[in-house]
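# Fold and contact review
Each chain, letter by letter, is given below.
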Amino acid sequence: MNTDTIETSEPATMPNETIRTLLERRSIRGFADEPIPEETAALLELTAQHAATSRYFNEWSAIRVTDPALAAAIAEEAHQGYIAHAPLLYIFLADQRRNADLITAEDPQVSEEDERFILKTSYAFLQAQNDAVLALHAMETAANSLGLGCVILGSVLNDPDRLVDLLHLPKLVYPVLGLAIGKPSQDPSLKPRMPRPAQIFKNSYQRPSEAEIAQVVSDFDQSVFRYYRDVRHMDAPRKTFSQIMADKAFSPADGHSPMLPSIQAQGFDFDK
Ligand SMILES: Cc1cc2nc3c(=O)[nH]c(=O)nc-3n(C[C@H](O)[C@H](O)[C@H](O)COP(=O)(O)O)c2cc1C
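Okay, so let's go over this structure. (Residues numbered from 1 in each chain as written. Predicted model: local features only at pLDDT ≥ 70, side-chain atom pairs only at ≥ 80, totals over all residues. Heavy atoms only, no water.)

## Things to note about the overall build of the protein
Per the secondary structure count, the protein includes 10 helices and four strands. Listing each helix as α and each strand as β along the protein from the N terminus yields α-α-β-α-β-α-α-β-α-β-α-α-α-α. For the protein, the spread of C-alpha atoms along the three principal axes comes to 60 × 45 × 45 Å. Considering only contacts within the protein whose residues lie at least 6 apart along the sequence, 81% involve residues at least 24 apart. As displayed, the protein has an accessible area near 16300 Å², and 55% of this comes from carbon and sulfur atoms. Of note, the protein has its 25 positive side-chain charges centred 6 Å away from the centre of its 38 negative side-chain charges. (Helix = DSSP H or I, 4+ residues; strand = E, 2+ residues; numbered from the N terminus. Contact = heavy atoms within 4.5 Å. Areas by Shrake-Rupley, 256 points an atom, 1.4 Å probe, with all protein chains shown as cover. Lys, Arg positive; Asp, Glu negative; His and termini not counted. Charge placed at Lys NZ, Arg CZ, Asp CG, Glu CD.)

## Points about the pattern of salt bridges
On inspection of all chains with the given rule, the structure shows 18 salt bridges. Its salt-bridge partner being K183, residue E34 comes within 3.2 Å of it at the nearest N-O pair. Within this pair, whereas E34 is found in the loop between α1 (17-23) and α2 (38-49), its partner K183 is found in the loop between β4 (173-182) and α7 (196-199), the two being separated by 149 residues in sequence. Close ionic contact of R97 with E112 constitutes a salt bridge, the shortest N to O distance being 2.5 Å. Of this pair, R97 sits in helix α4 (residues 97-106) while E112 sits in the loop between α4 and α5 (122-145), and the two are 15 residues apart along the sequence. The exposure class of E112 is partly exposed, given its relative accessible area of 25%. Overlapping salt bridges, with partners in common, bring together E17, R20 and E24 in one network. (Salt bridge = Lys/Arg side-chain N within 4 Å of Asp/Glu carboxyl O. Buried < 20%, exposed > 50% of the residue type's maximum accessible area, 1.4 Å probe, protein only.)

## A closer look at the sheet that holds strand β2 (residues 88-95)
For sheets, the rule is that strands pair by backbone hydrogen bonds, running either parallel or antiparallel. Read across the open sheet, the four strands follow the order β1-β2-β4-β3; overall the sheet is antiparallel. Looking at which strands have only one partner, the edges of the open sheet turn out to be β1 (60-64) and β3 (149-153). Adjacent strand axes in the sheet meet at a mean angle of 25 degrees, parallel and antiparallel pairs treated alike. (Pairing = 2+ DSSP bridges. Axes fitted to C-alpha atoms, helices over the stretch in contact; angles between N-to-C directions.)

## Remarks on the packing of helix α8 (residues 210-230) against helix α9 (residues 241-249)
As a packed pair, α8 and α9 sit with axes 7 Å apart at the nearest point and diverge in direction by 85 degrees. Here α9 runs roughly perpendicular to α8, going by the angle between their axes. Here V217, F220, D221, V224 and Y228 of α8 lie close against α9, whose contacting residues are F241, S242 and I244. Among the residues forming the contact of α8 with α9, the class breakdown is six nonpolar, one polar and one charged. (Parallel < 35°, antiparallel > 145°, perpendicular 65-115°, else oblique. Nonpolar A, V, L, I, M, F, W, Y, C, P; charged D, E, K, R; others polar.)

## What about the site of the ligand?
Taken together, 13 residues lie around the ligand, and R25, S27, R29, G154 and K191 are the ones closest in. The contact in question runs from a nitrogen atom of the ligand to an N or O atom on the backbone of I152, over 3.2 Å. Between the ligand and S155 there is a distance of 2.9 Å, counted from an oxygen atom to a backbone nitrogen or oxygen. Alone, the ligand offers 620 Å² of accessible surface; in the complex the protein occludes 66% of this. Considering each element in turn, the shell around the ligand owes the most residues, three residues, to β3. (Near = heavy atom within 4 Å. Polar contact = N/O pair within 3.5 Å; in protein donor to acceptor, adjacent residues only side chain to side chain.)

Set out below in structure tokens:
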């Protein structure tokens, strides 16, 4: 990296519990069979509601899945069986429906077909998605701070149309991510992160030279290799980060169909 890079030092001590919660965060994929008290769930939901929201539009929602049959169907769609039994399971949504309904209630003359209606534009969709992600992350951090474990679930979008059906999502609502929460029944070690200068730049994008890439590859790749070597899990790839990326970036097994059609079917117009 050039001289204008971020320093790499890690904190010698944890300045406070918030920093500790963030730096010790890891995904938890096994939960004790213990329900989460309603007061705790309510507190977590409140923290999500206090996340920042673009333009104060509050353009996200979340569905707490409490119906075991629905949770099982979502787990099946996500190919992640354990989430059917997660003590708490949320699906976060990009949601312009509520504001559209509020507008219509205010003035029944307005039409969502009006050229000036902006809640279905690509920008509105992306900002609603940002809102949902920030709310989810606030909930995840709050849960972690209480000693609970979480896993974020992009896999709930394996078949977005099915999820839309399962959750009865109306037009202008689209699923973003799932979040499973519970008391951890496992204690995985922290997954390595890249050297900070490789990921955080000053002032402009700093594409590393071949020599710098080689350095990142040798250090980070080896720590990822060691991480997976030490994980006692049958499915753990015995590979470096570069090898994992090379596999995944060209993987026909990714299995995701293009998402634009299902987003458009929910009423968003990416030409606008
Ligand atoms: C947007 C997003 C989607 C994710 N989807 C899944 C998922 O579907 N299933 C899963 O097991 N983990 C999922 N994860 C968790 C990542 O695999 C995990 O964060 C990553 O491997 C780093 O590990 P760590 O969280 O333990 O640090 C997701 C994370 C993010 C941010």
